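# Descriptive structure summary
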Amino acid sequence: MEEPLDLIRLSIDERVYVKCRNDRELRGKLHAFDQHLNMVLGDVEETVTTSEVDEETDEEIVKKATRTVGMLFVRGDIVVLVSPPLRTT
């Protein structure tokens, strides 16, 4: 491995974890990517975390919404982190 994108290149056709801006997380099979980290993911599970404050109790309420998407294009400028699959060799 000589460049940071080499690690992602090794993850083609593997399931990856992608953390995005605005408390959005993606888990899916990496089909393609480019130097801007635009990605095409398949069989994606998207989780969006939101929080709001209950005005009566001042308690923070955290909600997670999850959806499944067959194929998703991810624009690289929202990507914060890409985690390749765990390799045990």
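Scroll up for the structure.
What comes next is a walk through the structure.

## Here we look at the pattern of salt bridges
- Taken as a whole and assessed by the stated rule, the structure comprises 6 salt bridges.
- A salt bridge links Asp 77 to Arg 75; its shortest N-O distance comes to 3.2 Å.
- What makes Asp 77 partly exposed here is its relative accessible area of 41%.
- Within this structure, Arg 24, Glu 46 and Arg 67 form a network of salt bridges that share partners.

## Re the nonpolar core
- Counting residues in hydrophobic clusters, the biggest one holds 13 residues, and the most contacted among them are Val 18, Leu 26, Leu 41 and Val 74.
- Listing elements by their share of this core, those giving two or more residues are strand E1 (15–20), strand E2 (24–33), strand E3 (39–53) and strand E4 (60–74).
- If sequence neighbours within four positions are ignored, Val 74 has contacts with Leu 26, Leu 37, Asn 38, Met 39, Leu 41 and Val 79.

## Quick notes on the side chain of Glu 46
- Examined against the element boundaries, Glu 46 turns out to sit in strand E3.
- Side-chain polar atoms of Glu 46 contact the side chain of Arg 24, separated by 2.4 Å.
- Here Arg 67 takes part through its side chain, which lies 2.3 Å from a polar atom of the side chain of Glu 46.
- Once residues within four sequence positions are removed from consideration, Glu 46 is found in contact with Arg 24, Glu 25, Leu 26, Ala 65, Thr 66 and Arg 67.

## Some points on the sheet that holds E1
- What the 5 strands build is an open sheet, ordered E4-E3-E2-E1-E5; its pairing is antiparallel. Looking along the sheet, the strands with just one partner apiece sit at the ends: E4 and strand E5 (79–83). Neighbour-to-neighbour, the strand axes of the sheet open up by a mean angle of 25°, direction not taken into account.
- Inspection of the sheet shows E1 paired to E2 by 6 bridges, in the antiparallel sense. Looking at E2, one finds that Arg 15 is bridged to Lys 29.

Procedures and definitions
Residues numbered from 1 in each chain as written. Predicted model: local features only at pLDDT ≥ 70, side-chain atom pairs only at ≥ 80, totals over all residues. Heavy atoms only, no water. Salt bridge = Lys/Arg side-chain N within 4 Å of Asp/Glu carboxyl O. Buried < 20%, exposed > 50% of the residue type's maximum accessible area, 1.4 Å probe, protein only. Core = buried A, V, L, I, M, F, W, Y, C linked by side-chain atoms within 4.5 Å. Helix = DSSP H or I, 4+ residues; strand = E, 2+ residues; numbered from the N terminus. Contact = heavy atoms within 4.5 Å. Polar contact = N/O pair within 3.5 Å; in protein donor to acceptor, adjacent residues only side chain to side chain. Pairing = 2+ DSSP bridges. Axes fitted to C-alpha atoms, helices over the stretch in contact; angles between N-to-C directions.

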